[in-house]
Amino acid sequence: MAGERKKPTVMVFAGPNGSGKSTVTRGLPIWGTYVNADDLKRDYDLGDLEAAQKAEALLESGCDFSFETVLSTERNLLL
């Protein structure tokens, strides 16, 4: 419908610390923009909250994106 914004397609790499999520993402085609909070913190000198807010801005924009998570909070499950 006119005026409706499309929901983004999201690819999630989930698993415990040390399970190889980062390694896998370097070897696979990634859907949309790849978002990694550790990269955002390093590249833009951000704190955890600021990096999360920058990543959430992608969701609001409607862009397709991929990210990795340990699913330590319910927030990513609700996404």
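Up top is the structure these notes are about.
(A) Just the overall build of the protein, in detail. Counting its secondary structure elements, the protein contains four helices and three strands. Seen in sequence order, the protein has helices and strands lined up from the N terminus as β-α-β-α-α-β-α. By the burial criterion, 23% of the 79 residues in the protein qualify as buried. Taking the contacts inside the protein whose residues are at least 6 apart along the sequence as the reference set, 60% of them involve residues at least 24 apart. Here the protein displays about 5800 Å² of accessible surface, and carbon together with sulfur accounts for 54% of that area.

Conventions and cut-offs
Residues numbered from 1 in each chain as written. Predicted model: local features only at pLDDT ≥ 70, side-chain atom pairs only at ≥ 80, totals over all residues. Heavy atoms only, no water. Helix = DSSP H or I, 4+ residues; strand = E, 2+ residues; numbered from the N terminus. Buried < 20%, exposed > 50% of the residue type's maximum accessible area, 1.4 Å probe, protein only. Contact = heavy atoms within 4.5 Å. Areas by Shrake-Rupley, 256 points an atom, 1.4 Å probe, with all protein chains shown as cover.

As far as function goes, none of this settles anything; it's purely spatial.
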